[in-house]
Amino acid sequence: KQEVTQIPAALSVPEGENLVLNCSFTDSAIYNLQWFRQDPGKGLTSLLLIQSSQREQTSGRLNASLDKSSGRSTLYIAASQPGDSATYLCAVSGTDSWGKLQFGAGTQVVVTP
Amino acid sequence: DGGITQSPKYLFRKEGQNVTLSCEQNLNHDAMYWYRQDPGQGLRLIYYSQIVNDFQKGDIAEGYSVSREKKESFPLTVTSAQKNPTAFYLCASSSEGNQPQHFGDGTRLSIL
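Residues numbered from 1 in each chain as written. Chains lettered and ligands numbered in written order. Predicted model: local features only at pLDDT ≥ 70, side-chain atom pairs only at ≥ 80, totals over all residues. Heavy atoms only, no water.

**As for the overall build of chain B**
Stage number 1. If you tally the helices and strands in chain B, you get 0 helices and 11 strands.
Stage number 2. Listed N to C, the secondary structure of chain B is β-β-β-β-β-β-β-β-β-β-β in terms of helices and strands.
Stage number 3. Relative to the compact-globule value of 13 Å for 112 residues, chain B shows a C-alpha radius of gyration of 13 Å, a close match.
Stage number 4. Projected onto its principal axes, the C-alpha positions of chain B cover 35 × 25 × 25 Å.
Stage number 5. Burial status across chain B gives 48% buried among its 112 residues.
Stage number 6. A separation of at least 24 residues holds for 53% of the contacts in chain B among residues at least 6 apart in sequence.
Stage number 7. Approximately 5,400 Å² of chain B is accessible, and the part contributed by carbon and sulfur atoms is 44%.
Stage number 8. One way to put it: in chain B the 11 positive side-chain charges average out to a point 8 Å from where the 12 negative ones average out. (Helix = DSSP H or I, 4+ residues; strand = E, 2+ residues; numbered from the N terminus. Rg over C-alpha atoms; globule rule 2.2 N^0.38 Å. Buried < 20%, exposed > 50% of the residue type's maximum accessible area, 1.4 Å probe, protein only. Contact = heavy atoms within 4.5 Å. Areas by Shrake-Rupley, 256 points an atom, 1.4 Å probe, with all protein chains shown as cover. Lys, Arg positive; Asp, Glu negative; His and termini not counted. Charge placed at Lys NZ, Arg CZ, Asp CG, Glu CD.)

Set out below in structure tokens:
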């Protein structure tokens, strides 16, 4: 059974620093990996989706890398801002699971002014 | 604007009562999903539907039921058999499996 782990559970950085968020998964037979953002009491917003054949995906200040063989993905957020404060979750879709996502517990990020 | 609407935002259940959470989407998506989120945990899949009139159990379906009679609607019923229903419930949709999922703003269910 696929297990997804996000370490650390919480992270606090001063404004302007780069954020590095980690996600690991136990089964490398994935179809894709997604990164989401969740604000308190809200639903999830999709940030980036990386197909299993891709090594990275970029959107603005966000860059996500994928190393399928080692079961790792990293989300980089450049020049963090207080508005980046939120919980970030990663989720993987297995090759035989038809879009069913397995989520990590998330990393809660606080960016201090 | 296209999106997913969940209602109500907050819901309270009495012992022995069934309650139904609403999820409506106007994205013309075929696939819809229900997840449960507990504090400090990731989301767990309750039920999913690939197409109208079809649905499948997820990882934690016991004590829940769903229907998919219309493409845009996927209501979730939390039955009295669910002994620990207090959680944040999230509905999502996608154009098909393995495509990005779009989420509603959730319903928070509590026990009276």
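**Details of the sheet that holds strand β1 (residues 4–7) of chain B**
Residue and element names in this part refer to chain B.
Stage number 1. Strands sit in the order β1-β3-β8-β7 across an open sheet of 4 strands; the sheet is antiparallel. Single-partner strands in this sheet number two, and they are β1 and β7 (64–66). Strand after strand, the sheet turns through a mean of 20° between neighbouring axes, direction not considered.
Stage number 2. With 4 bridges joining them, β1 and strand β3 (residues 19–25) adopt antiparallel strand pairing. Note on β3: the bridge partner recorded for Gln 6 is Cys 23. (Pairing = 2+ DSSP bridges. Axes fitted to C-alpha atoms, helices over the stretch in contact; angles between N-to-C directions.)

**Concerning the side chain of A:Thr74**
Residues and elements named next belong to chain A.
Stage number 1. When you line up the elements, Thr 74 lands in strand β8 (residues 72–77).
Stage number 2. Here Thr 74 falls in the buried class, since its relative accessible area comes to 13%.
Stage number 3. With residues near it in sequence (within four places) discarded, Thr 74 still touches Val 20, Leu 21, Asn 22, Trp 35, Asn 63, Ala 64 and Ser 65.

**As for the environment of A:Asp67**
Residues and elements named next belong to chain A.
Stage number 1. Relative to the elements of secondary structure, Asp 67 occurs in strand β7 (residues 62–67).
Stage number 2. Using a relative accessible area of 28% as the deciding quantity, one classes Asp 67 as partly exposed.
Stage number 3. Dropping the residues within four chain positions of it, Asp 67 is found in contact with Phe 25, Arg 55 and Arg 72.
Stage number 4. In this structure the side chain of Asp 67 is engaged in a polar contact, spanning 3.1 Å, whose partner is the side chain of Ser 70. (Polar contact = N/O pair within 3.5 Å; in protein donor to acceptor, adjacent residues only side chain to side chain.)

Note that every value here comes from positions in space, so none of it alone points to a role or purpose.
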